[in-house]
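Residues per chain, in single letters:
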Amino acid sequence: MAYEKILAIDDDRFFRTLYEDLLTQEGYQVTLAESGEEALETLEREDFHLVITDMMMGGMNGIETLEAIKKIKPEQTVVMVTSEREVKNAVEALKKGAADYINKPIIEDEFRIMVRRLLDRSRLTEENAQLIEENLEQMRVLEVLSRAQDVFFRVEVDRLLDYLLEFAMAETNATRGAVLLRDPSSGRFMIRAKQGLPAPFLEQGVELGEGLLGSALAKGGPWAFRKADLRGKRGGEELDPLGEASLLLPLKDEEQILGALLLSSKVDGNPFGPRDVNLLLTITSPAVFAIKKSLPFEKPETPTPIPPAPAITDRVYLQDLLDQEIKKSHRYQRRFSLILLNFEGIKRELQASGLWNQEKVMEEVSAVLRKTIRAADVVGALEGREMAIVVPETEYQGAITVARRIHQALRELFLGQELLVSPLFPLGLGIACFPEHGPNIQALLDRARSTMGRAAEGYFRYEMIWECVDRLLLEAERSQEVHRSLTPSIGVSALGSEVDLSREVKYLESEREHSTLSRFIEDEVRDSLLVEGLLYVGVGTMSRLKDRLDKYRDIQALGTKVFVFGADDWLDWDPGDITPVIASDPDILRHRFLLYYGIRASYGLMVRQKEEGSLAGFFTTNAFLVNELMKKLKEIYL
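Residues numbered from 1 in each chain as written. Predicted model: local features only at pLDDT ≥ 70, side-chain atom pairs only at ≥ 80, totals over all residues. Heavy atoms only, no water.

**Re the packing of aromatic side chains**
Just so we agree on the cut-off: In summary, the pairing rule links any two rings of Phe, Tyr or Trp, Trp by its six-membered ring, whose centres are within 6.5 Å, and it sorts them by plane angle into stacked for under 30 degrees, edge-to-face for over 60 and tilted for everything else. Helix and strand definitions follow DSSP, with helices as H or I runs of at least four residues and strands as E runs of at least two, each counted in order from the N terminus. The buried label applies to any residue whose accessible area, calculated with a 1.4 Å probe on protein chains only, is under 20% of its type's maximum; exposed applies above 50%, and partly exposed to all values in between. Two conditions define a charge sitting above a ring: the NZ of Lys or the CZ of Arg must be within 6 Å of the ring centre, and it must be within 35 degrees of the ring normal.
Using the criterion set out here, one finds 11 aromatic pairs in the structure. With 6.3 Å between their ring centres and 75° between their planes, phenylalanine 565 and tyrosine 637 make a pair best called edge-to-face. Taken as a pair, phenylalanine 565 in strand β18 (residues 560-567) and tyrosine 637 in helix α19 (residues 623-637) lie far apart in primary sequence, 72 residues in all. The pair phenylalanine 565 / tyrosine 637 is uniform in exposure class, with both members buried. One residue, lysine 266, lies across the ring of phenylalanine 272, its end atom 5.4 Å from the ring centre.

**Points about the pattern of salt bridges**
The condition is simple: By definition, a salt bridge exists where a carboxyl oxygen of Asp or Glu is found within 4 Å of a side-chain nitrogen of Lys or Arg.
Tallying each qualifying case throughout the model produces 26 salt bridges. The closest approach of N and O atoms between lysine 104 and aspartate 10, which form a salt bridge, is 3.6 Å. With lysine 104 in strand β5 (residues 100-104) and aspartate 10 in the loop between β1 (5-9) and α1 (13-25), this pair connects stretches of sequence that are 94 residues apart. Exposure remark for aspartate 10: the relative accessible area of 0% places this residue in the buried category.

**Some points on the pairing of strand β20 (residues 591-598)**
Our working rule: Strand pairing is assigned whenever DSSP identifies at least 2 bridges connecting the two strands.
Taking burial as the measure, the eight residues of β20 include eight buried ones, the bulk of the element. Residues of β20 alternate between two faces, with His591, Phe593, Leu595 and Tyr597 on one and Arg592, Leu594, Tyr596 and Gly598 on the opposite face, all of them buried. For strand β17 (residues 533-541) and β20, the ladder comprises six bridges, and the chain directions are antiparallel. Bridge assignment links valine 537 to a residue of β20, and that residue is leucine 594. Bridging between β20 and strand β21 (residues 602-609) involves seven bridges; their strand directions are antiparallel. Considered in β21, the bridge of tyrosine 597 is made with serine 602. Count of turn residues in the β20/β21 antiparallel hairpin: three residues.

**Some remarks on the sheet that holds strand β6 (residues 174-182)**
Our working definition: Axis definition: a line fitted to C-alpha atoms, over the contacting stretch in the case of helices. Angles run 0 to 180 degrees between N-to-C directions.
Taken in spatial order, the five strands make up an open sheet running β7-β6-β10-β9-β8, and their pairing is antiparallel. The outermost strands of the open sheet, each flanked by one partner alone, are β7 (189-195) and β8 (223-226). Strand-to-strand, the axes of this sheet are offset by a mean angle of 20°, without reference to chain direction. Relative to strand β10 (residues 257-266), β6 is paired through seven bridges, and the arrangement is antiparallel. In the sheet register, alanine 174 faces β10, and the bridge partner there is lysine 266.

**Side note on a negative patch on the surface**
What counts here: Residues form patches when they are more than 30% accessible in relative terms and have no salt bridge. Like charges link within 9 Å. Nonpolar side chains (Val, Leu, Ile, Met, Phe, Trp, Tyr) link within 5 Å. Shrake-Rupley sampling with a 1.4 Å probe provides the accessible areas, and residues are treated as covered by the protein chains on show and by no other component. By the counting rule applied here, Lys and Arg register as positive and Asp and Glu as negative, while His and the ends of each chain are not counted. The atoms used to mark charge sites are NZ of Lys, CZ of Arg, CG of Asp and CD of Glu.
A grouping of Glu37, Glu38, Glu41, Glu44 and Glu64 is seen on the molecular surface, where their side chains present a negatively charged patch. Sorting elements by how many residues they give to the negative patch places helix α2 (residues 36-45) first, with four residues. Among the structural elements, glutamate 37 can be located in helix α2.

**Quick word on the side chain of threonine 372**
The cut-off we apply is this: Between N or O atoms, a polar contact is any pair within 3.5 Å; within protein, one atom must be a potential hydrogen donor and the other a potential acceptor, and residues adjacent in sequence are included only when both atoms are from side chains. Whether two residues are in contact is decided by their heavy atoms, any of which lying within 4.5 Å being enough.
Of note, threonine 372 is situated in helix α12 (residues 358-372). Within the structure, threonine 372 has its side chain in polar contact with the backbone oxygen of valine 368 (distance 2.6 Å). What threonine 372 contacts, discounting residues up to four positions off in sequence, is Arg405, Ile406 and Ala409.

**A word on the pairing of strand β2 (residues 29-33)**
Spelled out, the test is: We call a crossover right-handed when, viewed with both strands directed away from the observer, the connection leading from the first strand over the helix to the second proceeds clockwise.
Where β1 meets β2, five bridges bridge the pair, whose relative direction is parallel. Residue pairing for β2: lysine 5 is matched across the bridge by glutamine 29. This β-α-β element, β1 to α1 to β2, shows right-handed connectivity.

**Here's the deal with the sheet that holds β1**
Spatially, five strands are ordered β2-β1-β3-β4-β5 in an open sheet, and the strand pairing comes out parallel. Each edge of the open sheet carries a strand with a single partner, namely β2 and β5. When the angles between neighbouring strand axes are averaged without regard to direction, this sheet yields 20°. By the bridge criterion, five bridges tie strand β4 (residues 78-83) to β5 in an arrangement that is parallel. Bridging across to β5, methionine 80 finds its partner in tyrosine 101. Most of the contacts of α1 go to β2, to which it runs at about 175°, and overall it touches β1, β2, β3 (50-54), β4 and β5.

**Section: the packing of α2 against helix α3 (residues 62-72)**
So the rule is basically this: Roughly parallel here means an angle under 35 degrees, roughly antiparallel means over 145, roughly perpendicular means 65 to 115, and every remaining angle is called oblique. Crossings are classed by handedness, with left-handed meaning an anticlockwise turn of the near helix from the far one by less than a right angle and right-handed meaning a clockwise turn. Gly is placed with the polar residues, together with every amino acid not listed as nonpolar (Ala, Val, Leu, Ile, Met, Phe, Trp, Tyr, Cys and Pro) or charged (Asp, Glu, Lys and Arg).
Where α2 meets α3, the closest approach of the two axes is 10 Å, and the angle between their N-to-C directions is 15°. For the element pair α2 / α3, the angle class is roughly parallel. Both α2 and α3 take part in a crossing whose hand is right-handed. Facing α2, whose interface residues are Gly36, Leu40, Leu43 and Glu44, α3 presents Thr65, Ala68, Ile69 and Ile72. Split by residue class, the contact of α2 with α3 holds five nonpolar, two polar and one charged.

**Quick word on unusual backbone geometry**
The amide bond that connects lysine 104 to the next residue, proline 105, takes the cis arrangement and shows omega of 0°. Here proline 105 shows up in the loop between β5 and α5 (108-152). Here the amide bond leading from phenylalanine 434 into proline 435 is cis, since omega sits at 10°, within 30 degrees of zero. Mapped onto the fold, proline 435 is located in the loop between β15 (428-434) and α14 (441-457). In the Ramachandran plot, asparagine 173 falls in the positive-phi region, its phi being about 60° despite a non-glycine side chain. Take asparagine 173: it is sitting in the loop between α6 (157-172) and β6. Look at asparagine 173 and you get partly exposed, because its relative accessible area is 42%. The residue leucine 202 is not glycine, and still its phi comes out positive at about 50°.

Below, the structure is given as structure tokens:
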């Protein structure tokens with residue numbers, strides 16, 4: 001059922017009744033006005049999704065009514081109703097901002113369609129404007145977070161508290177404020193920094209549960225209040241030095257309340273609202289960690305494994321951000337992705353080398369991430385040695401691109417500085433996309449950890465490509481019921497019922513399956529994808545190319561770079577633009593493969609003839625797997 005509100009203006013009772021009947025039947029909320037003057041009074045009191053006005057009316061005519069509406073509500077959608085002889089006036093109305101016009105006599109079906117179309121357009125415009133505003137607000141929050149972190153992690157505690165108060169007052173336009181911290185010996189919350197407040201204010205501090213401030217602080221959440229609402233309440237006199245509107249925000253982590261931020265008297269006189277609270281939570285997140293590092297608070301037995309270094313927010317803010325992204329995705333039908341990073345493997349190797357310094361490592365990681373991720377992406381610390389990166393308005397394939405960039409940048413950081421001696425890079429990495437991989441935060445985290453776990457067991461714990469292939473083919477011989485999960489980028493219908501693509505890795509047992517998949521990859525790259533990519537073709541010996549050479553030349557001509565790997569037993573063939581990679585390596589001779597890595601899709605097919613004559617092989621659409629196989633081939637043979 002529709003919910004939109006429509007204002008219909010006509011000095012003819014017949015047409016007012018007609019509009020009411022037609023629009024009410026469609027489920028709209030209809031308000032009627034007999035004149036332009038009455039309509040303007042109504043618009044001063046209420047908002048409407050659509051205004052319908054007659055062109056010729058007594059008093060203010062339609063053009064005059066339109067002009068008056070646009071003066072008070074420039075974005076209001078207005079439809080003009082005219083007679084055929086008034087088309088000139090209708091065109092004039094369009095120039096002055098009318099969204100459309102319709103002629104009398106009104107044809108009911110045309111009228112309904114026009115109203116629905118304009119309401120849909122108005123809704124999309126409103127949603128896009130709101131989305132832009134939300135994104136701009138998020139960018140502002142991230143910019144403030146970055147500035148705050150740069151300062152908070154570089155100053156001693158007293159200066160830190162001054163900076164925190166200055167940041168908070170500047171960003172919320174407050175004119176008075178104070179920072180309270182809990183005294184470890186007395187347990188009372190004492191003022192440690194203040195601006196615009198008299199010396200005697202809260203001189204004895206505040207105890208949790210004591211008075212209005214203490215009670216609000218004990219609840220652990222933000223408290224926005226007005227002085228007028230506190231008059232007559234017991235303990236309200238202690239807040240007399242504050243202005244008419246104030247805000248109390250506890251400074252806390254997951255275990256305890258460390259202090260509070262108290263702000264008052266905005267420059268414009270307005271009360272503090274949700275946007276102020278959201279911004280302050282961003283600022284206080286790094287401040288809380290810096291305060292804990294500097295002061296002797298009671299620390300929990302299990303410390304936070306990853307400190308929120310610059311560019312890394314804490315778990316509380318990250319959870320709030322994920323909640324916001326899920327709500328935004330539901331509202332606008334847009335996706336976002338989550339990338340998990342786990343540094344446990346890196347920690348083990350650095351510890352073995354005597355080089356593990358958690359704070360220094362996280363600072364270096366933070367600096368790399370800041371240069372690598374986009375401005376809209378947010379990094380947060382989770383449990384253990386995990387980080388999560390929220391990638392807004394990005395589908396799974398886009399998240400793979402971001403993850404690959406992060407993986408390469410961190411690999412260069414650790415291997416480039418020779419911090420890790422192994423040629424392998426033990427970074428755990430997993431991806432999940434909303435809503436495909438789960439309806440809530442926990443489901444997305446579970447999914448990302450699941451893919452991360454498989455990678456950790458994974459394909460590439462060996463240095464050489466053929467060891468990786470051996471492992472995959474060994475799995476193929478053991479079972480066809482392993483490595484489930486990722487939905488591939490092509491469907492079963494693309495290959496018919498012969499091949500089941502419900503798995504991330506499909507294991508092959510017959511030459512028939514191999515031939516079907518080979519033809520599919522070749523035809524898909526040549527006829528459907530039509531974009532730049534890389535195709536590695538392993539033929540064992542070049543003479544096997546005879547029947548397929550023209551197809552590979554076509555693929556090369558369309559923009560995909562083709563490399564053919566094998567022994568040269570075909571002396572008179574002309575490779576043209578195709579790049580032959582001549583290798584007599586026994587491993588090349590006994591494997592046939594097709595590896596395609598492109599913008600829109602990735603395919604991998606690898607088979608090996610076993611001694612008894614049967615075939616073992618696998619097919620995958622996993623971009624990471626294909627990319628790693630191609631990188632290892634390049635390292636050895638190119």
